[in-house]
Amino acid sequence: MKLAALLFTLCVTNVAAFRICSFNIQSFGEAKSAKPEVMTVIVKVVSRCDVMLLMEIKDGTDRVINSLMAKLNSQTEMEDDFNLIISQRLGRKTYKEQYAFIYRKHLVSVKDVYQYHDHQVGDIDAFSREPFVVWFKTYKNDFVIIPQHTTPEAAIREIDELYDVYLDVKQKWKVENFIFMGDFNADCSYVPKKYWKNIRLRTNQEFIWLIDDNVDTTVKSSTDCAYDRIVLHGKRLVNSVVPGSATVFDFMNAYGLTEAQALEISDHFPVEFRLTHMRKQKPAMAAR
């Protein structure tokens with residue numbers, strides 16, 4: 001019986017890393033989904049993560065994202081392992097995009113969702129694509145993800161306005177742990193260094209930036225820009241980050257692709273980090 005008790009304890013207290021990712025999948029629509037070799041890589045990239053934020057989804061019918069979900073779930077040992085929550089189509093004029101979160105439903109659940117709307121005076125709104133805010137709950141952690149794909153020419157203003165989104169959501173839900181992530185276009189000509197002093201999400205020391213300014217999140221060898229970022233708020237959340245886990249996932253090298261092949265997937269690499277996480281597991285069978 002002592003052996004059985006030990007096996008049970010080891011199974012239910014197995015601590016593993018919970019991976020959260022963000023990926024600008026670049027014009028994800030029917031043309032891209034019709035390429036089997038492209039979709040094979042996308043499935044591999046997404047399936048590495050326990051929560052994956054996808055941006056630049058441009059299929060208004062949801063056929064493409066549903067096809068991706070079917071491919072993901074067909075390759076897992078657990079039936080319907082991945083779940084999806086997706087925003088409405090967002091954009092000022094005819095150009096529209098969607099945010100989507102794909103997550104492992106046996107590890108994480110959605111507690112609430114909130115489509116942020118600009119609270120601006122006058123005709124000019126702050127965001128081209130307002131954040132689709134999701135409150136996630138896991139066995140150990142409880143956190144809100146605020147995604148953002150900025151318009152490059154308005155990146156400074158939109159990143160700064162994320163602070164107002166934070167205040168709004170904090171008041172609405174009374175939560176402490178926040179993850180801001182996405183394609184912020186937060187480098188090179190879009191956000192020159194001299195403008196960081198104008199961005200509250202950067203100047204306020206309570207916000208921790210995980211992806212450094214000198215990191216290259218772009219696929220093209222001719223560019224070197226830290227466009228994609230992850231920012232955290234909340235002591236419990238920050239203290240749960242696995243040291244050194246915040247990184248760029250270079251799928252080009254990981255899967256042996258040429259630059260041309262990688263650019264068929266996206267012109268951005270995903271960014272990610274890991275949290276210490278208590279995975280629920282079935283207890284071991286008792287020894288007879």
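The six strands lie next to each other as S5-S6-S7-S8-S10-S9, forming an open sheet whose pairing is mixed. Strand pairing shows two members of the sheet lacking a second neighbour, strand S5 (108-115) and strand S9 (208-209), which therefore form its edges. In this sheet, strand S10 (residues 228-233) lies alongside S9 in antiparallel orientation, the contact comprising two bridges. Looking at the pairing, Ile-208 lines up with Leu-232 of S10.

With 88% of its residues at a pLDDT of at least 70, the protein reaches an overall mean of 89. Within the model, pLDDT remains below 50 along residues 1-15, and this stretch shows 19 contacts once partners closer than five positions in the same chain are excluded. Note that residues 278-288 has pLDDT below 50 and, in this model, 24 contacts with residues that lie over four places away or in other chains.

With 12 residues, helix H3 (residues 36-47) extends 16 Å from end C-alpha to end C-alpha; this agrees with the ideal 16 Å at 1.5 Å per step. Every buried residue belonging to H3 is among Val-38, Met-39, Val-41, Ile-42, Val-43, Val-45 and Val-46, and all of these are buried.

It is worth spelling out helix H5 (residues 155-173) at this point. With 19 residues, H5 extends 27 Å from end C-alpha to end C-alpha; this agrees with the ideal 27 Å at 1.5 Å per step. All of the buried residues in H5 are Ala-155, Glu-158, Ile-159, Asp-160, Glu-161, Leu-162, Tyr-163, Val-165, Tyr-166, Asp-168, Val-169 and Trp-173. Of the residues trailing H5, Lys-174 is marked for its positive phi of about 55°.

With respect to the secondary-structure elements, Asp-183 resides in strand S8 (residues 178-183). The charged side chain of Asp-183 is buried without a salt bridge, its nearest counter-charge being Arg-129 at 7.1 Å. Polar side-chain contacts of Asp-183 include one of 3.4 Å to the side chain of His-268. In contact with Asp-183, not counting residues within four places along its chain, are Asn-24, Met-55, Gln-148, His-149, Thr-150, Tyr-227, Asp-228 and His-268.

The subject of this paragraph is the state of the cysteines. Scanning the entire structure with this criterion turns up two disulfides. Each sulfur of the disulfide joining Cys-21 and Cys-49 lies 2.0 Å from the other. Between Cys-21 and Cys-49 the disulfide shows an S-S torsion of about -95°. By sign, it is left-handed. Of this pair, Cys-21 sits in strand S1 (residues 15-28) while Cys-49 sits in the loop between H3 and strand S2 (51-57), and the two are 28 residues apart along the sequence. In this pair, the class of Cys-21 matches that of Cys-49, namely buried.

Formed by 60 residues in total, the largest nonpolar core has its most connected members in Ile-20, Leu-54, Leu-68, Phe-101, Ile-179 and Phe-251. Among the elements that make up this core, the one with the highest residue count is H3 (seven residues). Look past the residues within four positions of Phe-251 in its chain and what remains in contact with it is Phe-23, Val-41, Val-45, Val-219, Leu-257, Ala-262, Ile-265, Ser-266, His-268, Phe-269 and Pro-270. One finds Tyr-116, Phe-178, Phe-180 and Phe-184 within the second-largest nonpolar core, a separate group that totals 28 residues.

Checked against the element boundaries, Tyr-227 lands in the loop between S9 and S10. Among residues more than four places away in sequence, those in contact with Tyr-227 are Gly-182, Asp-183, Phe-184, Asn-185, Ala-186, Asp-187, Cys-188, Tyr-190, Thr-217, Thr-218 and His-268.

On to unusual backbone geometry, then. If you check the backbone angles, Glu-56 has positive phi at about 65° while not being a glycine. For Glu-56, a relative accessible area of 11% gives the class buried. Located in the positive-phi region is Asn-185, a residue other than glycine, with phi close to 50°. In this fold, Asn-185 is placed in the loop between S8 and helix H6 (200-203).

Within the structure shown, the criterion is met by 21 aromatic pairs. Geometrically, the ring pair formed by Tyr-114 and Trp-173 is edge-to-face, given 6.2 Å between the ring centres and 65° between the ring planes. Here Tyr-114, found in strand S5, pairs with Trp-173, found in helix H5; they are 59 residues apart in sequence, far enough to count as distant. Judged by centre distance (5.8 Å) and plane angle (70°), the ring pair of Phe-249 and Tyr-255 falls under edge-to-face. By relative accessible area, which is 25% here, Tyr-255 ends up partly exposed. An aromatic cluster is defined as three or more aromatic residues linked by ring pairs; in this entry it consists of Phe-18, Phe-101, Tyr-103, Phe-136 and Phe-143. A cation over a ring is seen here: Lys-44 above Tyr-255, with NZ or CZ 5.2 Å from the ring centre. Looking at Arg-48, its charged tip hangs above the ring of Phe-249, at a distance of 3.6 Å from the centre.

Reading the values: the criteria
- Residues numbered from 1 in each chain as written.
- Predicted model: local features only at pLDDT ≥ 70, side-chain atom pairs only at ≥ 80, totals over all residues.
- Heavy atoms only, no water.
- Pairing = 2+ DSSP bridges.
- Helix = DSSP H or I, 4+ residues; strand = E, 2+ residues; numbered from the N terminus.
- pLDDT = per-residue confidence, 0-100.
- Contact = heavy atoms within 4.5 Å.
- Expected span 1.5 Å × (residues − 1).
- Buried < 20%, exposed > 50% of the residue type's maximum accessible area, 1.4 Å probe, protein only.
- Lys, Arg positive; Asp, Glu negative; His and termini not counted.
- Salt bridge = Lys/Arg side-chain N within 4 Å of Asp/Glu carboxyl O.
- Polar contact = N/O pair within 3.5 Å; in protein donor to acceptor, adjacent residues only side chain to side chain.
- Disulfide = S-S within 2.5 Å.
- Core = buried A, V, L, I, M, F, W, Y, C linked by side-chain atoms within 4.5 Å.
- Phe/Tyr/Trp six-rings, centres within 6.5 Å; stacked < 30°, edge-to-face > 60°.
- Lys NZ or Arg CZ within 6 Å of the ring centre and 35° of its normal.

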